[in-house]
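What follows is each chain in one-letter form.
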Amino acid sequence: MTAASTSRGSLRRRGIFGPNLADRAFRLGTFLFASAVLALICLLAYQLVHASRPALRQFGWSFISKSAWDPVHGSFGVLFAIYGTALTSLLALALAVPIGLGAAIFLAELAPRRLRELLSFLIELLAAVPSIVYGLWGVFVLVPVLRPVEVWLGAHLGFLPFFQGAPYGIGVLAASLILSIMVLPYITAVSREVIQAVPVTQREAAYSLGATRWETIRGPVLRAARSGIIGAIILALGRAVGETMAVTMVIGNRAEIPTSFFSPAYTLASLVANEFAEATGELHIAALIGAALVLLVLTIFINAIARLLIWRVTGGHRRVR
Amino acid sequence: MTAVRHHHSSVRRARRRLANTLMWVLATLSALAALVPLGFVLYYIAAQGLPALNLDFFTHVPRPVGEPGGGMANAIVGTIILIALASLVGLPIGLLGGIYLAEFGANRFAGIIRFAADVLSGVPSIVIGIFVYALVVVPMHRFSALAGGVALGIMMIPTVMRTSEELIRLVPASLREAALSLGATHPRTVFKVVLLAARAGVVTGVLLAIARIAGETAPLLFTAFGSNLWSARLDQPIASLPVQIFTYAIAPYDNWHAQAWAGALVLVAMILILSAAARYATRGRLRTVL
């Protein structure tokens, strides 16, 4: 910030000799490239709205409030996919948040410096493994292991809703487990950053009053970092909602509202990934692009909230992905 | 009275100490639990991928169903071609956009651009795929390497832009002032002095962006599509490692599954090397490296 304003100041001083053509061309040129991002976002929104218009016009609001997927008779409503997206993402967060937050506290407050660097690196590796590889692992390793686990869960927790039905292995539970592994690094990395951003004086004040380490973390540290941590969790939600390949491979692809954690389902992303290549008929394609549009709106909304919360803690300009 | 109070406070102290130890243990266990999946995934990729890996894998194209052997040579080359195309699209916008944000980024419009870049980085990859399908594939009437490159290039932009901005900002003001005071124009100062000082960080941003897109599958499904043949033509469908892994993984043939694991091993190795190189280039100067 200071660098930029200084250079602008010095440019203005050079202005005695008249505006410099090279400088102005430089500013305009880089401005155009920067604007390309904005143009892309607008074009993206326009293209999706335009291409999904046949479906949106025919079904109106019932496109998102009704659960129907019948390419043969041309009846489309993506409620089941919205529901599947929400269910898998929230279940994934329920699994990943406690572990991710615990790991962040360990990295930020407890681990010795050396260990912290090593563990941070390994958790970043977890984020670098591509979705397709998690999908491959999910199909051939996780799903076979999950089948007996689901049988056991059904036998012992079968009186609860969502724990009934045939244990296929593939389905909501498998997708949620894979998702929880995939979003965990985001929760840990961003939470660690906001926890570390809490001023040392806060901790010292608590220690000087005789607080234990945990009391210091639970009290001043986590309270100051709270909205940033919530931001990290919402950011992870955004990732989970948009995650495509791994989910497509293990969720079982069934266009119904899932009544059990064990049953196959669809998410918005997996619906598009699975059917778009084979879609026939204008309305089917428009409906799939409509599903992509719903997904886009959902993720933009989620991400905007997350960024606002994280910015409030770390004070803008910090790189958070 | 005092004895009772004393007793109470010692119980309380013990309880507080216990809570402290308990949380210590739980946090440590969480950190370990976070690493378990990484261990499992890497172990299975190595254990399943290595036996299926041989010279043919790197030198042959896929064989038809039922014929044993064959490899993913075309997909490996295809992935490299797609990364090159993506860089052509993503690097100019990302780098020059990042320079704009760092040099002229104090106004409201720059804030909007930053927000747009954040929004773009949050757009699901499958949505980018559909967007480029409508933008490039439909007008061209065919799937093509070009479309795949555009899709991946768009995904590179936010990473490159934000890392270049951040790293250019870190260059000391005295450097640019020295250049300006010698009479260098602003662009000359930026390209010859500032970028040179920030080059390690900028390289890191680019490598990270490439590592991020190298394994992307969803944006390629409906753009580059896939192919079982050698192809370097930009207006034709092209194979890529991720899509090939996907195709083989969901097919019902055991030898294809083995090849999918081998493909995953090669892909992960590629990405880990890129990420390690990116880390090495800056060595801890960049805050969040995800």
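Rules and cut-offs
Residues numbered from 1 in each chain as written. Chains lettered and ligands numbered in written order. Predicted model: local features only at pLDDT ≥ 70, side-chain atom pairs only at ≥ 80, totals over all residues. Helix = DSSP H or I, 4+ residues; strand = E, 2+ residues; numbered from the N terminus. Buried ≥ 20, exposed ≤ 12 C-beta atoms within 10 Å, placed from the backbone. Contact = placed C-beta atoms within 7 Å. Rg over C-alpha atoms; globule rule 2.2 N^0.38 Å. Axes fitted to C-alpha atoms, helices over the stretch in contact; angles between N-to-C directions. Left-handed = near helix turned anticlockwise from the far one by under 90°. Nonpolar A, V, L, I, M, F, W, Y, C, P; charged D, E, K, R; others polar. Expected span 1.5 Å × (residues − 1). Bend = angle between axes of the 7 residues up to and from the residue. Domains from an automatic or database assignment. Pairing = 2+ DSSP bridges. Parallel < 35°, antiparallel > 145°, perpendicular 65-115°, else oblique. pLDDT = per-residue confidence, 0-100.

Undergrad: Just checking my understanding: could you explain the overall build of chain A for this structure?
TA: Looking only at helices and strands, one finds twelve helices and two strands in chain A. Listed by position from the N terminus, the elements making up chain A come as α-α-α-β-β-α-α-α-α-α-α-α-α-α. Seen along its three principal axes, the alpha-carbon backbone of chain A occupies a region of about 75 × 60 × 30 Å. Burial statistics for chain A: of 321 residues in total, 51% are counted as buried. Taking contacts inside chain A between residues at least 6 apart in sequence as the whole, the part at least 24 apart equals 75%.

Undergrad: How should the overall build of chain B be read in this particular structure?
TA: Broken down by element type, chain B carries twelve helices and zero strands. Starting at the N terminus and ending at the C terminus, chain B contains elements arranged as α-α-α-α-α-α-α-α-α-α-α-α. For 290 residues, the compact-globule estimate of 2.2 N^0.38 gives 19 Å, and chain B exceeds it by more than 25% at 25 Å. Principal-axis analysis of the C-alpha atoms gives chain B an extent of 90 × 65 × 35 Å. Of all 290 residues assigned to chain B, the portion counted as buried reaches 53%. Here the contacts in chain B between residues at least 6 apart in sequence split such that 74% fall between residues at least 24 apart.

Undergrad: When you look at the packing of helix H4 (residues 79-110) of chain A against helix H7 (residues 172-197) of chain A in this model, what are you seeing that I'm missing?
TA: The relative placement of two packed helices is expressed as an angle between their axes plus a distance between the axes. All names here are of chain A. Orientation of H4 relative to H7, taken along the N-to-C sense of each, is 35 degrees, at an axis distance of 6 Å. As H4 runs across H7, the sense of the crossing is right-handed. When grouped by side-chain class, the residues that make up the contact of H4 with H7 number 21 nonpolar, eight polar and two charged.

Undergrad: What's the story with helix H6 (residues 145-169) of chain B in this structure? I'm lost.
TA: Given 3.6 residues per turn, any residue in an α-helix points the same way as the ones three and four places further on. All names here are of chain B. Between its first and last C-alpha atoms H6 spans 36 Å; for 25 residues at 1.5 Å apiece the expected length is 36 Å, and the two agree. The sharpest bend along H6 measures roughly 30 degrees and falls at Met156, with the proline Pro158 sitting one to four residues further on. For H6, the buried fraction is high: 25 of the 25 residues fall into the buried class.

Undergrad: For this particular structure, what's the right way to read the domain arrangement of chain A?
TA: Residue and element names in this part refer to chain A. Partitioning chain A into domains gives domain 1 (2-59) and domain 2 (63-314). A straight line from the C-alpha centre of domain 1 to that of domain 2 covers 33 Å. Taken together, the contacts link ten residues of domain 1 with twelve residues of domain 2. Among the residues forming the side of domain 1 that touches domain 2, the class breakdown is seven nonpolar, two polar and one charged.

Undergrad: What is the right way to read the interface of chain B and chain A from this model?
TA: Size of an interface: often given as the accessible area lost when the parts come together. Facing 88 residues of chain B, the contacting portion of chain A comprises 87 residues. When residues in the side of chain B that touches chain A are grouped by element, the largest group, 19 residues, is from helix H1 (residues 2-52) of chain B. Of the residues assigned to the side of chain B that touches chain A, the class counts are 62 nonpolar, 15 polar and eleven charged.

Undergrad: Just checking my understanding: could you explain the domain arrangement of chain B for this structure?
TA: All names here are of chain B. Parsing chain B into structural domains produces domain 1 (2-52) and domain 2 (58-282). Contacts between domain 1 and domain 2 engage six residues on the former and seven residues on the latter. Residue classes in the side of domain 1 that touches domain 2 are distributed as four nonpolar, two polar and no charged.

Undergrad: When you look at the pairing of strand E2 (residues 75-78) of chain A in this model, what are you seeing that I'm missing?
TA: Consecutive side chains along a regular strand alternate between the two faces of the sheet. All names here are of chain A. As judged from the four bridges shared by strand E1 (residues 67-70) and E2, these two strands associate in the antiparallel manner. Within E2, the position partnered with Ala68 by the bridge is Gly77. The hairpin turn running from E1 into E2, its antiparallel successor, is four residues long, and Gly74 in that turn takes a positive phi close to 65 degrees.

Undergrad: Where do I start with the environment of Ile45(B) in this structure?
TA: Among the secondary structure elements, Ile45(B) is positioned in helix H1. With 106 residues separating them along the chain, Ile45(B) and Ala151(B) place their C-alpha atoms 27 Å apart. If we skip the residues at most four places from it in the chain, Ile45(B) touches Val133(A), Trp261(B), Ala264(B), Leu265(B) and Val268(B).

Undergrad: Which parts of the structure should I look at to understand unusual backbone geometry?
TA: Unlike most non-glycine residues, Phe162(A) shows phi in positive territory, near 75 degrees. The backbone phi angle of His141(B) is positive, close to 65 degrees, even though this residue is not glycine. The exposure class of His141(B) is exposed, given the 7 C-beta atoms found within 10 Å.

Undergrad: So what exactly am I meant to see when it comes to the environment of Leu229(B) here?
TA: All names here are of chain B. Position of Leu229 among the secondary structure elements: in the loop between helix H10 (218-221) and helix H11 (241-250). With 156 residues separating them along the chain, Leu229 and Ala73 place their C-alpha atoms 9.5 Å apart. If near-sequence neighbours (up to four positions away) are discounted, Leu229 is found in contact with Val61 and Asn74.

Undergrad: Sorry, what's going on with the packing of helix H6 (residues 131-157) of chain A against H11(B) here?
TA: Contact geometry for H6(A) and H11(B): axes closest at 10 Å, N-to-C directions at 15 degrees. On the basis of their axis angle, the class for H6(A) and H11(B) is roughly parallel. Viewed along their axes, H6(A) and H11(B) form a crossing whose handedness is left-handed. Residues Ile132(A), Gly135(A), Leu136(A) and Val139(A) of H6(A) lie in contact with H11(B), whose contacting residues are Pro242(B), Ile245(B), Phe246(B) and Ala249(B). Here the residues of the contact of H6(A) with H11(B) are counted per class, giving seven nonpolar, one polar and no charged.

Undergrad: I keep staring at the confidence of the model for chain A and nothing clicks. Help me out?
TA: A low pLDDT means the predicted coordinates there should not be read in detail. Residues and elements named next belong to chain A. Mean pLDDT over chain A: 87, with 91% of residues reaching 70 or higher. Confidence drops under pLDDT 50 across residues 1-11; counting only partners more than four residues distant or on other chains, this segment forms 22 contacts. Predicted confidence for residues 317-321 stays below pLDDT 50, and this span has ten contacts to residues more than four positions away or in other chains.

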